[in-house]
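# Working through the structure, step by step
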Amino acid sequence: MVRVRRPDLVVIGAGPAGLGAALAACDAGLKDVMLIERDVELGGILPQCIHDGFGSIVFGETLTGPQYAQRYIDRLEKSDVEVKLNTMVLDLRPDRSLTAVNSRDGVMEIRPKAVILAMGCRERTRHQILIPGYRPAGVVCAGAAQRDINIEGLMPGRRVVILGSGDIGLIMARRFTLEGAEVEGVYEIMDHPGGLTRNLVQCLHDYDIPLHLSHTVTFIHGRKRVEAVTVSRVDENLKPVPGTERLVPCDTLVLSVGLIPENELSKRAGISLDPATGGPVVDERMETSVEGIFACGNVMNVFDLVDYVTHTAETAGRSAAEYVLQGIRKRGECLRVRPGRNVKFVVPQLLRGYGEEAHFYFRVSRPERAVRARLSSGDLLLAERKIRMVRPPEMVRLKADPERLKEALARGELDVQVVPEEETKGRQG
Amino acid sequence: MRRKHAFTCINCPLSCALELTEEDGEVLEVTGHECEVGRRYAEEEFRDPRRTVTTTVRVRNGVIPQLPVVSTRPMPEALVREAVKALADVEVDAPVRDGQVIYRDLLGTGADIIAARRLDPRSRADEEG
């Protein structure tokens, strides 16, 4: 006999997004909140991110990942949120009903009044970037290696090559080194590093680990265990240049080649996804195309800072509570936010206008110095920030007030763009 | 003797390429910085570079096998490897309180090493599951 549960809200995933959303929903007055997590404990990826640098915006101090998670876990334990650990959501349907399973409750049929998606993201693997060669043990994603070392206390290898210079790759270069492994080098297919300068300095430079830009791994050697990789230089079209091959002996290849929002459940529920972000299309209240289903954190777009994940989670939690308690329904009217000059994408993608302030997050397409980030509707300026340097790895956030958003909605256009700082204005700002 | 040292500023996305000139340890000049923060950073990195130390120690009977730990203040950069090595043999028993001191005054730096989370014993966590 399948048990049917009818909570006010189900939050799927108990990482920083799910924790923040569940707490915000409680704070907004929701009583019956269920938080579902497939892992054995709360916190998502944070417990394994043992380095510091988290929370400078939310807490005004830098914390390690476990410390950041602990602050929310402590609050959650004092709340009335019902936590289901070791529990897997098997299905989510357009009517918001879910099927979940664990070894204690068995199969549960859950029919909540609202759902928040907080499933986060997962790592891109070898098979998604098509590295030729054999298929030996020892090819591991950076986050998986991080879990092995920091949670399980296991060393994935002793002689390591890292492909990809995103922040996780750089952090793992340092971690492997401190744990006694030899990191031969970090290889990056692009002609610029993917991670923050802070990590280039403190993870690579501090430990004399070389970074090879415009290089990639073109073959994996070894029948049972990785024995070596071939690395090659790439041309401006990112194609390997014949004759530049070099054989690098190693026992482990660590991949830090991107993150993908995890939206299998969103697809089952028929939620519209944005090809630019890989996550659900949401409005400023974080509501998806399916009524009563909200999304926040890395499931909607891979953020650079956990602080932003928390902000979107708090918006989603508050909105879900308002949906359930006050019956605030999605407005039919909506405006699509247009990414303009040097803007790759913007989240939220839609503005509906609920008389509240709204935050918009975006990434640039290319690095640019001395710019203004602008949110505008024709000649009406909603928000503007002067920025000395923008880079694709770092997201930019703009805040707009309710009055101007209302005006933009009436005008029927809203654009985000990055414009060069006018020479005449100089640098006095 | 007059020498030059190169640093990359980490304080904002500009990532200024800094060059510090010194003579017998006395800073003569910093160039390449776009603001005062960059100049100060170059001097700190030359005189006394410091880093917050984070690593893990083994925990007996915990819900997970490793406990993340962090230094209560930044330590001299040159001591980071030694600090992590010194902590490699440390073992603690669950339960561990968040902020519990795991190692006092590491390498005489005055920095304590504390638990970066609460860590419950295995049995209790299993019952909750």
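Definitions and cut-offs
- Residues numbered from 1 in each chain as written.
- Chains lettered and ligands numbered in written order.
- Predicted model: local features only at pLDDT ≥ 70, side-chain atom pairs only at ≥ 80, totals over all residues.
- Buried ≥ 20, exposed ≤ 12 C-beta atoms within 10 Å, placed from the backbone.
- Helix = DSSP H or I, 4+ residues; strand = E, 2+ residues; numbered from the N terminus.
- Pairing = 2+ DSSP bridges.
- Right-handed = clockwise from strand over helix to strand, strands pointing away.
- Contact = placed C-beta atoms within 7 Å.
- Nonpolar A, V, L, I, M, F, W, Y, C, P; charged D, E, K, R; others polar.
- Domains from an automatic or database assignment.
- Axes fitted to C-alpha atoms, helices over the stretch in contact; angles between N-to-C directions.

## Considerations on the pairing of strand β14 (residues 182-188) of chain A
All names here are of chain A. The element β14 is largely enclosed, with a buried count of 5 among its 7 residues. The pairing of strand β13 (residues 159-163) with β14 spans 5 bridges and is parallel. Note on β14: the bridge partner recorded for V160 is V183. Crossover connection from β13 via helix α5 (residues 167-178) to parallel β14: handedness right-handed. As defined by bridge partners, β14 adjoins strand β15 (residues 211-213) across 3 bridges and the pair is classed as parallel. Paired with Y187 across the bridge in β15 is H212. The parallel pair β14 and β15, bridged by helix α6 (residues 197-204), forms a crossover whose chirality is right-handed.

## Description of the interface of chain B and chain A
Opposite the 28 residues of chain B that make contact, chain A presents 27 residues. Among the elements that take part in the side of chain B that touches chain A, strand β5 (residues 54-60) of chain B stands out by supplying 4 residues, more than any other. Of the residues that constitute the side of chain B that touches chain A, the class distribution is 12 nonpolar, 8 polar and 8 charged.

## Things to note about the domain arrangement of chain A
Residues and elements named next belong to chain A. The domain boundaries assigned to chain A delineate domain 1 (1-123 + 258-330), domain 2 (125-257) and domain 3 (333-429). Computed from C-alpha coordinates alone, the two centres of domain 1 and domain 2 are separated by 32 Å. Here the residues of the side of domain 1 that touches domain 2 are counted per class, giving 3 nonpolar, 3 polar and 1 charged.

## Quick look at the sheet that holds strand β8 (residues 91-93) of chain B
Residues and elements named next belong to chain B. If you trace the 5 strands from one edge of the open sheet to the other, you get β8-β5-β6-β10-β9, paired in mixed fashion. Each end of this open sheet is capped by a strand with a single partner; those strands are β8 and β9 (101-103). Direction aside, neighbouring strands of the sheet carry axes that sit 45° apart on average. Strand direction decides the pairing type here: β5 and β8, joined by 3 bridges, are parallel. Residue pairing across strands places R60 opposite D93, the latter belonging to β8. Along the sheet face, helix α2 (residues 80-87) touches β5, β6 (66-71), β9 and β10 (113-115) and points at about 5° away from the line of β5.

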